[in-house]
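# Summary of the model geometry
Residue strings, one per chain:
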Amino acid sequence: MFTDEYFMRVALQEAEAAIEKEEVPVGCIIVANGRIIARAHNLTETLNDVTAHAEMQAITSAANYLGGKYLLNCTLYVTLEPCVMCSGALSWSQVSKVVIGARDPQRGFINKNLSLHPKTEVVTGVLEQECSTIVKDFFKRRR
């Protein structure tokens, strides 16, 4: 049986792929029945699209894979706390569980007093140090 840490490491691989494209390093995967059904990373610069966050890309990919718009019995792993836009999409998707690596106190949905779908479980702090470091190092290099 795979653990949350295992799947977060896969999401971190997606964040690394974002760095190669000079994107903010946020990675995301969606798992159903212990199997990864979607992988994504930020593509806002590549696609010149402010909505092309890792979570949005993963939700679309998973919905296409499943053949429906709801992500029931799915878990989303994301290296950085989703923003308000992504939390809205996650709520509408009715994803069963969201596992967050690092919190984002400035742009994340939690400090905005927003919540996901009432049945969605939220777990924070999985590989928090690694997930936080990849973003901080990216912005240090850019400054």
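Cut-off values and rules
- Per chain, residue numbering runs from 1 following the sequence as it is written.
- Confidence filtering applies because this is a predicted model: local features only for residues at pLDDT of at least 70, side-chain atom pairs given and counted only at 80 or more, and all residues used for totals across whole chains, interfaces and linings.
- Side-chain measures here rest on the full set of heavy atoms in the structure, leaving out hydrogens and waters.
- UniProt positions are given in the numbering used here, feature names are shortened, and annotations may be inferred rather than shown by experiment.
- A run of H or I in DSSP counts as a helix once it spans at least four residues, and a run of E counts as a strand once it spans at least two, with each numbered from the N terminus.
- Here the globule rule is a power law, 2.2 Å times the number of residues to the power 0.38, and the radius of gyration is based on C-alpha atoms.
- With a 1.4 Å probe rolled over the protein chains alone, any residue whose accessible area is under 20% of its type maximum counts as buried; one over 50% counts as exposed, and the rest are partly exposed.
- For the area figures, the Shrake-Rupley method with a 1.4 Å probe applies, and any residue is considered shielded solely by the protein chains shown.
- Note on geometry: axes are C-alpha line fits, over the in-contact stretch for helices, and angles between N-to-C directions span 0 to 180 degrees.
- Oblique is the label for every angle not falling under 35 degrees (roughly parallel), over 145 degrees (roughly antiparallel), or within 65 to 115 degrees (roughly perpendicular).
- We call two residues in contact whenever any of their non-hydrogen atoms come within 4.5 Å of each other.
- Throughout this entry, Asp, Glu, Lys and Arg are counted as charged residues, while Ala, Val, Leu, Ile, Met, Phe, Trp, Tyr, Cys and Pro are counted as nonpolar. The remaining residues, Gly among them, count as polar.
- If DSSP finds at least two bridges between two strands, the strands pair.
- A pairing counts as a salt bridge when a side-chain nitrogen of Lys or Arg comes within 4 Å of a carboxyl oxygen of Asp or Glu.

You'll find the protein chain entered in an unreviewed UniProt entry as tRNA-specific adenosine deaminase, with Marnyiella aurantia given as the organism. Here is the UniProt Subunit (unreviewed entry) comment for the protein chain, exactly as written: "Homodimer." One UniProt comment on the protein chain, placed under Catalytic activity (unreviewed entry), says "adenosine(34) in tRNA + H2O + H(+) = inosine(34) in tRNA + NH4(+)".

Attention now moves to the overall build of the protein chain. In terms of helices and strands, the protein chain carries five helices and five strands. Mapped in sequence order, the helices and strands of the protein chain form the string α-β-β-α-α-β-α-β-β-α. The C-alpha radius of gyration computed for the protein chain amounts to 14 Å, which stays within 12% of the reference 15 Å derived for 143 residues, consistent with globular compactness. The dimensions of the protein chain, computed from C-alpha atoms along their principal axes, are 40 × 30 × 30 Å. By the burial criterion, 46% of the 143 residues in the protein chain qualify as buried. Counting only carbon and sulfur atoms, one obtains 49% of the accessible surface of the protein chain, whose full area is about 7,900 Å².

A word on the packing of helix α1 (residues 4-20) against helix α5 (residues 128-142). With their axes 10 Å apart at the nearest point, α1 and α5 run at an angle of 10° to one another. It follows that α1 is roughly parallel to α5 by the angle criterion. On the side of α1, the interface is formed by Met8, Arg9, Leu12, Ala15, Glu16 and Ile19, while α5 contributes Glu130, Cys131, Ile134, Phe138 and Arg141. Classifying every residue of the contact of α1 with α5 by side-chain character gives seven nonpolar, no polar and four charged.

Along the chain, Ile19 falls in helix α1. A relative accessible area of 23% means that Ile19 is categorised as partly exposed. Separated by 50 residues in sequence, Ile19 and Lys69 have C-alpha atoms that sit 29 Å apart. With residues up to four places along the chain from it excluded, the contact list for Ile19 reads Pro25, Ile134, Phe138 and Arg141.

This paragraph deals with the sheet that holds strand β2 (residues 35-41). Pairing within the open sheet is mixed, and its five strands lie in the order β2-β1-β3-β4-β5. The sheet is open, and its two borders are formed by β2 and β5 (121-124), each paired with just one other strand. Ignoring which end each strand starts from, the neighbouring axes of this sheet average 15° apart. Judged from the four bridges that link them, strand β4 (residues 97-102) and β5 form a sheet pairing that is parallel. Across the sheet, residue Lys97 finds its bridge partner in β5, namely Glu121. Sheet strands in contact with α5 are β3 (74-80) and β4, and its direction is about 60° off that of β4.

Attention now goes to the pattern of salt bridges. The full count for this structure, using the stated rule, is three salt bridges. Across the pair Asp4 and Lys97 runs a salt bridge whose closest N-O atoms are separated by 3.6 Å. Taken together, the residues Asp4 in helix α1 and Lys97 in strand β4 connect sequence positions 93 residues apart. Taking the shortest distance from any N to any O, the salt bridge between Arg9 and Glu130 comes out at 3.8 Å. Pair noted here: Arg9 is in helix α1 and Glu130 is in helix α5, with a separation of 121 residues, a long-range link.

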